[in-house]
Amino acid sequence: MGHKRQLIFLCNGSDCRGAGAKSLKKELKAELKSGELKGNCKLIETKCMDMCKSAPVVIVNQYFCKKAAADTVLKEIKKALREQG
Ligand code: FES
């Protein structure tokens, strides 16, 4: 079995920052360091993704988490990792 890896794209545009992207990033970073996610995830900050109405926006596994909250994002990450076997 190969190494599992999940990329997480977090918008760092001004609207998303205004909608809490910074604290979301903090929460996610802490979670990504522990348990089954440890070493399997890479959080990447992006510029505005043109979905500001849904801020904060996070992409996991080609899925847009709109008005993203840490628990929704983590659920998607875990699902995506499971799908990789
Ligand atoms: S600022 Fe995040 S989508 Fe525009």
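Computed from a prediction, not measured in an experiment: that's the story for all the values here.

What counts and what doesn't
Residues numbered from 1 in each chain as written. Predicted model: local features only at pLDDT ≥ 70, side-chain atom pairs only at ≥ 80, totals over all residues. Heavy atoms only, no water. Helix = DSSP H or I, 4+ residues; strand = E, 2+ residues; numbered from the N terminus. Contact = heavy atoms within 4.5 Å. pLDDT = per-residue confidence, 0-100. Buried < 20%, exposed > 50% of the residue type's maximum accessible area, 1.4 Å probe, protein only. Core = buried A, V, L, I, M, F, W, Y, C linked by side-chain atoms within 4.5 Å. Salt bridge = Lys/Arg side-chain N within 4 Å of Asp/Glu carboxyl O. Pairing = 2+ DSSP bridges. Axes fitted to C-alpha atoms, helices over the stretch in contact; angles between N-to-C directions.

**Description of the side chain of E76**
As for its placement among the helices and strands, E76 is situated in helix α3 (residues 70-83). Among residues more than four places away in sequence, those in contact with E76 are V60, Y63 and C65.

**Describing the confidence of the model for the chain**
Overall, the prediction assigns the chain a mean pLDDT of 94, with 98% of residues at 70 or greater. Here α3 is the element of the chain with the lowest mean pLDDT, 94, and helix α1 (residues 14-18) is the one with the highest, 98.

**Points about the environment of N12**
Position of N12 among the secondary structure elements: in the loop between β1 (6-11) and α1. For N12, a relative accessible area of 28% puts it in the partly exposed group. As for N12 and T46, which are separated by 34 residues in sequence, their C-alpha atoms are 5.5 Å apart. In this structure N12 touches R17, E45 and T46, once residues within four positions along its chain are discounted.

**Digging into the nonpolar core**
Core analysis: the largest hydrophobic core is formed by 17 residues, its most contacted members being I8, L32, V58, V73 and I77. Listed by contribution, the elements that provide at least two residues to this core are β1, α2 (21-32), β2 (41-46), β3 (58-60) and α3. Looking at which element gives the most residues to this core, the answer is α3, with five residues. Beyond its immediate stretch of four places on either side in the chain, L32 contacts I8, L37, K38, G39, C41, L43, L74 and I77. Membership of the second largest hydrophobic core comes to six residues, among which are C11, A21, M51 and A55.

**With respect to the side chain of N40**
Positionally, N40 belongs in the loop between α2 and β2. By relative accessible area, N40 is classed as buried at 14%. Contacts of N40, omitting those with residues within four sequence positions, involve H3, K4, R5, Q6 and L81.

**So, the pattern of salt bridges**
Considering all chains together, one arrives at two salt bridges under this definition. Between K79 and E76 there is a salt bridge; the shortest N-O distance is 3.7 Å. Placement of the pair is K79 and E76 together in helix α3, with a separation of three residues, close to one helical turn.

**Re the sheet that holds β1**
Strand order in the open sheet formed by four strands is β2-β1-β3-β4, and the pairing between neighbours is mixed. Each having just a single partner strand, β2 and β4 (63-65) make up the two edges of the open sheet. Going across the sheet, the axis of each strand differs from the next one's by a mean of 25°, ignoring polarity. Summarising the sheet, β3 and β4 pair through three bridges and their orientation is antiparallel. Its bridge partner lying in β4, I59 is registered against F64.

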